[in-house]
Amino acid sequence: NTTIPLYDYDYYRTVRPRIALEENNVIKLSDEIGLHSVMGDLKEMWDEGAMKIVHNVGYPDSSLSHFRGTDIWNSGSADPNLINSGWMGRWLAQEFPDYAENPPAIPPALQIGSFGSLAFSDSMVNFSVNVTNPEELAEIGERGELYDISAVPDSCYGDELRFLRTITNSTFIYADAIKEAYDTGKNDSDYSDTYFSNLGEQLALVARLIKGNLGTRIYMVNIGSFDTHANQLQDHPRLIQSLSENIKSFYDDLAGANRESDVLTMTFSEFGRRIEENGTSGTDHGTSAPLFLFSPG
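Note that the coordinates shown come from a computational prediction; the quantities given were computed from them, not determined experimentally. (Residues numbered from 1 in each chain as written. Predicted model: local features only at pLDDT ≥ 70, side-chain atom pairs only at ≥ 80, totals over all residues. Heavy atoms only, no water.)

## Quick look at the overall build of the protein
- In terms of regular secondary structure, the protein is built from 8 helices and 13 strands.
- Taken over the C-alpha trace, the protein has a radius of gyration of 21 Å; the compact-globule value for 297 residues is 19 Å, and the two agree within 12%.
- Each principal axis of the C-alpha atoms in the protein carries an extent, and together these give about 65 × 45 × 30 Å.
- Expressed as a percentage of its 297 residues, the buried residues of the protein come to 45%.
- Accessible surface, the protein as shown: approximately 15100 Å² in total, 49% of it carbon and sulfur.
- Each charge class in the protein was averaged separately, 21 positive and 44 negative side chains, and the resulting centres sit 3 Å apart. (Helix = DSSP H or I, 4+ residues; strand = E, 2+ residues; numbered from the N terminus. Rg over C-alpha atoms; globule rule 2.2 N^0.38 Å. Buried < 20%, exposed > 50% of the residue type's maximum accessible area, 1.4 Å probe, protein only. Areas by Shrake-Rupley, 256 points an atom, 1.4 Å probe, with all protein chains shown as cover. Lys, Arg positive; Asp, Glu negative; His and termini not counted. Charge placed at Lys NZ, Arg CZ, Asp CG, Glu CD.)

Given below as structure tokens:
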């Protein structure tokens, strides 16, 4: 119900008798595919060549577990033996081999929200800074102290202590740079939060830091609650409307500083939904999902 299969519409209606979208509620992108009617902002980007869709993205023998699926996506590996590093973390380890002792002047990656991600980790080091409010982060940086990561015991305890000190040092070190970029940049778009997510607030912060020339190359934001086992017709449109409106606002915002073509945005989730509806007017865990790419460039 995000990308509607117009090429096989009759079958789609057969397996989703209660939750299938009527054709007059579908924005037609081509004879093969359409978008939900609430995604009009993305239709504009599609027409401008600033959006692409990769269909049926997944991996063999999907776990269908939120937790394992998230680990697989973030690690870039479906190996039964859990890999404790992320695909971006391994790349960043090559870019910054002495990160722990000699971190760069700007954060290599930045996550907006209250949780960290395996995607940016390389064994004992996480290369991202996780922030919710850059002004608060700067205040912490001004009051805090830096920690010596070499003065730790040679033990498991010491390894954990070194990890905590490394992350804390990174937070303090980057506080001033993030604050400076936040103060230099400004938002030129109105963002919306049409559901309980704060995707608009997150993307507004990313745009402001990019326009403030922070220099960080990778950002991660999040929007949740796509696990629509029930009431999909009520909940799902609000989520994809939030995605649609805020992505459009984000690129309009970047255009105010001629930065829109510098930024590529990719969506991903741990899995998609099954084709058939279930008994509670929703859909259960599926093995693959569409992946969106955005950028005028």
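## So, the pattern of salt bridges
- Applying the stated criterion across every chain, the model contains 14 salt bridges.
- Two residues, Asp253 and Lys211, come together in a salt bridge whose shortest N-O distance is 2.6 Å. On the criterion of sequence distance, the pair formed by Asp253 in helix H8 (residues 232-255) and Lys211 in helix H7 (residues 199-211) is long-range, its members being 42 residues apart.
- Through salt bridges with shared partners, a single ionic network connects Lys186, Asp188, Lys211 and Asp253. (Salt bridge = Lys/Arg side-chain N within 4 Å of Asp/Glu carboxyl O.)

## Remarks on the sheet that holds strand S2 (residues 26-28)
- Taken together, the 3 strands give an open sheet; going across it, the order is S1-S3-S2, and neighbouring strands pair in antiparallel fashion. The two strands at the open ends of the sheet, each matched to only one other strand, are strand S1 (3-5) and S2. Going from strand to strand, the sheet's axes swing by 40 degrees on average, the running direction of each strand aside.
- Taken together, the 3 bridges between S2 and strand S3 (residues 33-36) define a ladder with antiparallel strand orientation. Bridge pairing in S3 places Lys28 opposite Gly34. (Pairing = 2+ DSSP bridges. Axes fitted to C-alpha atoms, helices over the stretch in contact; angles between N-to-C directions.)

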